[in-house]
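Read off the chains here:
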There are 2 protein chains.
Amino acid sequence: MTANNPLTEMLAEKKIYLASASPRRAQILSLLGLKFAILPSEIDEESVFSDNPVQHVLYLSRAKAEKVALQIPEGLVIGADTIVVLDGSILGKPADGKDACAMLQRLSNRRHQVFTGFTIIDKPGGRVLSDFEVTSVQFRKLAKWEIEAYVATGHSMDKAGAYGIQDESAVFSDRIEGCFYNVVGFPVTKFYLSLYELQK
Amino acid sequence: MTANNPLTEMLAEKKIYLASASPRRAQILSLLGLKFAILPSEIDEESVFSDNPVQHVLYLSRAKAEKVALQIPEGLVIGADTIVVLDGSILGKPADGKDACAMLQRLSNRRHQVFTGFTIIDKPGGRVLSDFEVTSVQFRKLAKWEIEAYVATGHSMDKAGAYGIQDESAVFSDRIEGCFYNVVGFPVTKFYLSLYELQK
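Source: prediction; values computed, not measured. Counting starts from 1 at the beginning of each chain's written sequence and moves along it residue by residue. Chains and ligands are labelled sequentially in the order written, the chains with letters from A and the ligands with numbers from 1. In keeping with the predicted nature of the model, local features appear solely for residues at pLDDT of at least 70, side-chain atom pairs appear and are counted solely at 80 or more, and the whole-chain, interface and lining totals rest on all residues. Excluding hydrogens and water, the side-chain values take into account all heavy atoms of the structure.

Engineer: Got a minute to help me understand the relation of the copies chain B and chain A in this structure?
Structural biologist: Mapping between the two copies of the chain is achieved by a rotation about an axis and a shift along the axis. Least squares is used to superpose the copies, and the fit set is the C-alpha atoms of residues whose pLDDT is at least 70 in both copies. Aligned on chain A, chain B shows an RMSD of 0.0 Å; the corresponding rotation is 180° and the shift along the axis is 0.0 Å. With respect to symmetry, the two chain copies, as superposed, fit the operation of a two-fold axis. Among all residues of chain B, the one whose C-alpha sits closest to the rotation axis is Glu-177 of chain B, at a distance of 2.2 Å. Here, residues are in contact when the closest pair of their heavy atoms is within 4.5 Å. When the interface residues of chain B are mapped onto chain A, 100% of them again fall at the interface, so both copies present the same face.

Given below as structure tokens:
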């Protein structure tokens, strides 16, 4: 947005760090017109002991943000974590191509949920804000060749649930309910409102 | 997608023309991995006599495709038209900045529908297929400065309803129900399935 945007004016003096290696998150965050640096922060997903999707994404988004917050003297640090949930089971990133095919076969002709948690840490002030968004995604019935052709692109491998709604697998889903950007990996509207609250 | 995709194999010998100047439609169509040429085709919206959203978008998508089909000896021509509908009123592209602000003010804190119609004409075979998609979009309550800052970017001007869900106005909506790409201007999943049907 432009200069008459109170949010960008408020944050003009603030350094912002995105604690994520995902180019998709960076792209979505760019929509807000904020300048930020990327400081990837990987946390071992095995360190999460909760099967509860909300606790899972809140914990990991906070762990990622905290790891980066330790490295900087001041600024806003943003962490995020996205998972796919089918029938109460959490699907993370696939281990290999075979695993990706199996995940997509499970998602075929079904509805699943995408959860993204995010955490904002304000240093040195110390304020921390975490929240999450959930979006429902309906997949149509997928043919075997469609799954194989998509997995062959290699785009499954770094994505929860083995698909990216913004790439060739866009045609796998025919309906979503909720925030679209949350499915891509960053719930931009909820984040924007949180950021605004935090700066008040 | 890759070489083992029956759709791209079927269409490999076919010239494809997109009858639209919208870079967003071209970008979405690219997700299918098809090669196509762009032949913009503008039809006067005043030539539509129907207030019915479905008839409106089907008529205009077909008129655009037919105009381009007349210029080529053979190939597949794709036409599309997108409108925003609020309380039964059709919102097209804004006339100027003031009109854009007024449209966004009307959409604020309300739910509206986005309709996109598309038509595929297969020459010289002569087969014609038209269909449409509708998506519901919920806007949160917008502040006056948010509307003004967005309209100042100039991104309102070539878009039905004066916003583009893929740009800075992404934060205006907090929930959609249906196909996301339909809101951007091209219902890629429905189109993909139609194309597949047409080639059978």
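Engineer: Explanation requested: the pattern of salt bridges in the structure shown.
Structural biologist: Every case where a carboxyl oxygen of Asp or Glu lies within 4 Å of a side-chain nitrogen of Lys or Arg is listed as a salt bridge. Enumeration over the complete set of coordinates arrives at 24 salt bridges over all chains. Arg-24 of chain B is the partner of Asp-158 of chain B in a salt bridge, and the nearest nitrogen-oxygen pair spans 3.4 Å. With Asp-158 of chain B in the loop between α5 (144-152) and β7 (173-178) and Arg-24 of chain B in helix α2 (residues 23-30), this pair connects stretches of sequence that are 134 residues apart. When the shortest N-O distance is used, the salt bridge between Lys-144 of chain B and Glu-148 of chain B registers 3.0 Å. Pair noted here: Lys-144 of chain B and Glu-148 of chain B are both in helix α5, with a separation of four residues, about one helical turn. Using a 1.4 Å probe on the protein chains alone, a residue whose accessible area is under 20% of its type maximum counts as buried, one over 50% counts as exposed, and one in between counts as partly exposed. The exposure class of Lys-144 of chain B is exposed, given its relative accessible area of 61%. For Glu-148 of chain B, a relative accessible area of 35% translates into the label partly exposed. Each member of the salt-bridge network shares a partner with another, and the members are Arg-111, Arg-175 and Glu-177 of chain A together with Arg-111, Arg-175 and Glu-177 of chain B. Secondary structure is summarised from DSSP: a helix means a run of H or I of at least four residues, a strand means a run of E of at least two, and numbering begins at the N terminus for each.

Engineer: Could you clarify how one ought to interpret the confidence of the model for chain A in this entry?
Structural biologist: Close reading of the predicted structure is inappropriate where its pLDDT is low. Across chain A, the average pLDDT comes to 92, with 98% of residues at 70 or higher. In the model of chain A, helix α1 (residues 6-11) of chain A stands out as the element of lowest mean pLDDT, 77, in contrast to helix α4 (residues 97-107) of chain A, which has the highest, 98. pLDDT measures how confident the predictor is about each residue, on a scale from 0 to 100.

Engineer: Looking at this model, I keep getting lost on the packing of aromatic side chains. Mind explaining?
Structural biologist: Both the distance between ring centres and the angle between the ring planes are used here to describe each pair of aromatic rings. All names here are of chain A. Here the aromatic set is Phe, Tyr and Trp, taking the six-membered ring for Trp, and pairing holds for ring centres within 6.5 Å; pairs whose planes are under 30 degrees apart are stacked, those over 60 apart are edge-to-face, and all others are tilted. In total, this model carries 21 aromatic pairs over all chains according to the counting rule given. Relative to Phe-132, the ring of Phe-115 lies with its centre 6.3 Å away and its plane at 25°, an arrangement referred to as stacked. Of the two residues, Phe-115 is situated in strand β5 (residues 111-123) and Phe-132 in strand β6 (residues 127-139); the sequence distance between them amounts to 17 residues. Its relative accessible area of 11% is what places Phe-115 among the buried residues. On the basis of relative accessibility, which here comes to 24%, the residue Phe-132 falls in the partly exposed class.

Engineer: For this particular structure, what's the right way to read the pairing of strand β5 (residues 111-123) of chain B?
Structural biologist: If a strand is regular, its side chains alternate between the two faces of the sheet. All names here are of chain B. Within β5, ten of the 13 residues are buried, leaving the element largely enclosed by the surrounding structure. Note that strand β3 (residues 75-86) and β5 share eleven bridges and pair antiparallel. From the neighbouring strand, Gly-79 faces β5, where its bridge partner is Thr-119. Strand pairing is assigned whenever DSSP identifies at least 2 bridges connecting the two strands. Bridge count for β5 against strand β6 (residues 127-139) is twelve bridges, and the pairing is antiparallel. Counted as the bridge partner of Phe-115 is Val-134 from β6. From the end of β5 to the start of β6, which pair antiparallel, there are three residues, and Gly-126 there has a positive phi angle of about 95°.

Engineer: Would you take a moment to explain the environment of Gly-125 of chain B for this structure?
Structural biologist: Relative to the assigned elements, Gly-125 of chain B resides in the loop between β5 and β6. Taking the C-alpha atoms as reference points, Gly-125 of chain B and Leu-76 of chain B, separated by 49 residues in sequence, lie 9.6 Å from one another.

Engineer: Just to check I follow, could you spell out the environment of Tyr-192 of chain B for this structure?
Structural biologist: With respect to the element layout, Tyr-192 of chain B can be found in helix α7 (residues 188-198). Look at Tyr-192 of chain B and you get buried, because its relative accessible area is 3%. Measuring from C-alpha to C-alpha, the distance between Tyr-192 of chain B and Leu-91 of chain B comes to 27 Å, with 101 residues separating the pair along the chain. If we ignore the near neighbours within four places in the chain, the residues touching Tyr-192 of chain B are Arg-140, Trp-145, Glu-146 and Val-171 of chain A together with Leu-7 and Leu-32 of chain B.

Engineer: Quick question: what am I supposed to make of the layout of surface pockets here?
Structural biologist: Taking a probe equal in size to a water molecule and rolling it over the atoms shows the remaining empty space. Empty space within the largest pocket amounts to approximately 500 Å³. Site definitions follow a grid-based scheme: protein atoms alone, a 1 Å grid, a 1.4 Å probe that fits but cannot get out for cavities, and for pockets an open set with protein on both sides within 12 Å along at least five of seven lines, plus lining residues having an atom within 4 Å of a point. Gln-27, Gln-166 and Tyr-181 of chain A together with Gln-27 and Gln-166 of chain B are, among the 16 residues lining the largest pocket, the residues nearest its centre. Of all the secondary-structure elements, those providing two or more residues to the lining of the largest pocket are α2 (23-30) and α6 (180-184) of chain A together with α2 and α6 (180-184) of chain B. Throughout, the ten residues Ala, Val, Leu, Ile, Met, Phe, Trp, Tyr, Cys and Pro are labelled nonpolar, Asp, Glu, Lys and Arg are labelled charged, and all others, Gly among them, are labelled polar. Residues of the lining of the largest pocket, tallied by class, amount to ten nonpolar, four polar and two charged. Grid points are joined across faces, edges and corners, and a volume is the space filled by probe spheres set on the points.

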